[in-house]
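Descriptive analysis of the structure
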Amino acid sequence: MRMFKVTACVPSLSRIRTQRELQNTYFTKLVPYDNWFREQQRIMKMGGKIVKVELATGKVGTNAGLL
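Residues numbered from 1 in each chain as written. Predicted model: local features only at pLDDT ≥ 70, side-chain atom pairs only at ≥ 80, totals over all residues. Heavy atoms only, no water.

What follows covers the confidence of the model for the protein chain. Taken residue by residue, the protein chain gives an average pLDDT of 79. The fraction at 70 or more is 70%. When mean pLDDT is taken per element in the protein chain, helix H1 (residues 36–45) scores highest with 92 and strand S2 (residues 23–32) scores lowest with 86. (pLDDT = per-residue confidence, 0-100. Helix = DSSP H or I, 4+ residues; strand = E, 2+ residues; numbered from the N terminus.)

In structure tokens form, the structure reads like this:
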């Protein structure tokens, strides 16, 4: 199964201590090839930025270091 390994950075709204402080949260997840456009739109709507995209194959979680 073809998948993308996506690393993105999104602003975390739940960890804001003051109105001026904003923390960014980095995450890596596997996204199926067919759902790539939808995931890209979701990250952009959240105000995030895609850092890195790689092609990955195999089982879900294996390439992201999750076993």
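Next comes the rest of the description.
Take the pattern of salt bridges next. The full count for this structure, using the stated rule, is three salt bridges. Put simply, Lys29 and Glu39 hold a salt bridge, and the shortest N to O gap is 3.3 Å. Residue Lys29 is found in strand S2, and its partner Glu39 is found in helix H1; the two are separated by ten residues along the sequence. Taken together, the shared-partner salt bridges connect Lys29, Glu39 and Arg42 into one network. (Salt bridge = Lys/Arg side-chain N within 4 Å of Asp/Glu carboxyl O.)

Next up on the list: the sheet that holds strand S3 (residues 49–57). The antiparallel open sheet is built from three strands, whose spatial order is S2-S1-S3. A single partner strand is all that each edge strand has here, and the edge strands are S2 and S3. Strand-to-strand twist across the sheet, computed as the mean angle between neighbouring axes with direction ignored, equals 20°. Bridging between strand S1 (residues 2–12) and S3 involves eight bridges; their strand directions are antiparallel. (Pairing = 2+ DSSP bridges. Axes fitted to C-alpha atoms, helices over the stretch in contact; angles between N-to-C directions.)

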